[in-house]
Amino acid sequence: SGAFGNRDFWLLSLGFFACGFQVVFIAIHLPAFLADEGVDVSVATVVLALIGLVNILGSYLAGLWGGRMRKPMLLSWIYLARGALIAGFVLMPVTAMSAYIFGALMGLFWLSTVPLTNGTVASVWGVRHMSMLGGIVFFAHQLGSFAGGWMGGWLYDRTGSYDMAWGVAIGLSVIAAALNWPISERPEGKVA
């Protein structure tokens, strides 16, 4: 497959790094963040459950819209929406209600990147090598996941707050949006 020499393949992979960072950072560090903000830690359980529940709808809609619109463009909008949502959540007073709203809205964007990312791989490079190419793109996601889990704690230990880690998550949204926007969905070679 010519994907390895294709700029768009690596842009897609790098963008998916941001997804991994954000979902694991939030999943692991949200309970401690809420506790630091004086919100009962049991609220985090409900927030994470809301993310998972609403994720079903978000992933379904992303797949549906990805069949009608340019998938890399949708990915850019999802990453920008995530960044705006995170910024709004951490800049406004954090309460149980704001956390619930954050969870429900974040669920829309949680794994909605997956059908669009895999759909882009299939559209451009075909399904013949989908498992290998999808696995490489997902490896970038896993590197981001590691970074989100580890760096969230490392930054907290260094600074005593999650502010910098949230800032990284927001910055990665902007970077991922910029990386995905120019990706072309023109098939490269024979789609099989």
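Cut-off values and rules
Residues numbered from 1 in each chain as written. Predicted model: local features only at pLDDT ≥ 70, side-chain atom pairs only at ≥ 80, totals over all residues. Heavy atoms only, no water. Core = buried A, V, L, I, M, F, W, Y, C linked by side-chain atoms within 4.5 Å. Buried < 20%, exposed > 50% of the residue type's maximum accessible area, 1.4 Å probe, protein only. Helix = DSSP H or I, 4+ residues; strand = E, 2+ residues; numbered from the N terminus. Contact = heavy atoms within 4.5 Å. Phe/Tyr/Trp six-rings, centres within 6.5 Å; stacked < 30°, edge-to-face > 60°. Patch = residues over 30% accessible without salt bridge, like charges linked within 9 Å, V, L, I, M, F, W, Y side chains within 5 Å. Areas by Shrake-Rupley, 256 points an atom, 1.4 Å probe, with all protein chains shown as cover. Salt bridge = Lys/Arg side-chain N within 4 Å of Asp/Glu carboxyl O. Expected span 1.5 Å × (residues − 1). Arc of directions from axis to C-beta.

Enquirer: Lay out the nonpolar core with the relevant residues and their values.
Expert: Soluble globular proteins tend to bury their nonpolar side chains together. Ranked by internal contacts, the top residues of the largest apolar core, which has 50 residues, are Ile 26, Leu 34, Phe 89 and Trp 166. Secondary-structure elements contributing two or more residues to this core are α1 (7–36), α2 (42–66), α3 (71–91), α4 (96–109), α5 (113–125), α6 (130–159) and α7 (163–180). Sorting elements by how many residues they give to this core places α1 first, with 13 residues. Non-local contacts of Trp 166, meaning those with residues more than four positions away in its chain, are made with Phe 25, Ile 26, Leu 30, Phe 33, Ile 86, Phe 89 and Val 90.

Enquirer: Please give an account of the packing of aromatic side chains that cites residues and values.
Expert: For the coordinates displayed, the defined rule picks out 15 aromatic pairs. With a centroid separation of 6.2 Å and 20° between ring planes, the pair formed by Phe 21 and Phe 25 is classed as stacked. Taken as a pair, Phe 21 and Phe 25 lie in helix α1 at a separation of four residues, close to a single helical turn. Here Phe 25 falls in the buried class, since its relative accessible area comes to 1%. Between Phe 146 and Trp 150, the ring centres sit 6.3 Å apart and the planes meet at 5°, which makes this aromatic pair stacked. In this pair, Phe 146 and Trp 150 are both assigned in helix α6, four residues apart and thus about one turn of the helix distant.

Enquirer: Which residues make up a nonpolar patch on the surface, and what are the values?
Expert: A contiguous nonpolar surface patch, about 480 Å² in accessible area, is contributed by Leu 57, Tyr 60, Leu 64, Trp 65 and Met 69. On the basis of relative accessible area, Tyr 60 is assigned to the exposed category, the value being 53%.

Enquirer: Got a sec to walk through the pattern of salt bridges? Specific residues and values, please.
Expert: What the rule picks out here adds up to two salt bridges. A salt bridge links Arg 7 to Asp 8, with the nearest nitrogen and oxygen atoms 2.8 Å apart. A salt bridge links Lys 71 to Glu 185, with the nearest nitrogen and oxygen atoms 2.8 Å apart. Taken as a pair, Lys 71 in helix α3 and Glu 185 in the segment after α7 lie far apart in primary sequence, 114 residues in all. No difference in accessibility class separates Lys 71 from Glu 185, as the two residues are buried.

Enquirer: How would you sum up α4? Please name residues and give values.
Expert: One turn of the α-helix equals 3.6 residues, which is why residues spaced by three or four share an orientation. Between its first and last C-alpha, α4 extends 20 Å over 14 residues, near the 20 Å set by a 1.5 Å rise per residue. Within α4 the residues assigned to the buried category are Ala 99, Phe 102, Gly 103, Met 106, Gly 107 and Phe 109. Along the axis of α4, the buried residues cluster in a sector spanning 150°; they form a single face. Considering only its buried residues, α4 is in contact with α1, α2 and α3.

Enquirer: Account for the environment of Phe 16, with residues named and values stated.
Expert: By secondary structure assignment, the location of Phe 16 is in helix α1. Ignoring sequence-local partners within four residues, the contact set of Phe 16 consists of Tyr 79, Thr 113, Val 114, Thr 117, Val 137, Phe 138 and His 141.

Remember, this is a structural readout, not a statement about activity or role.
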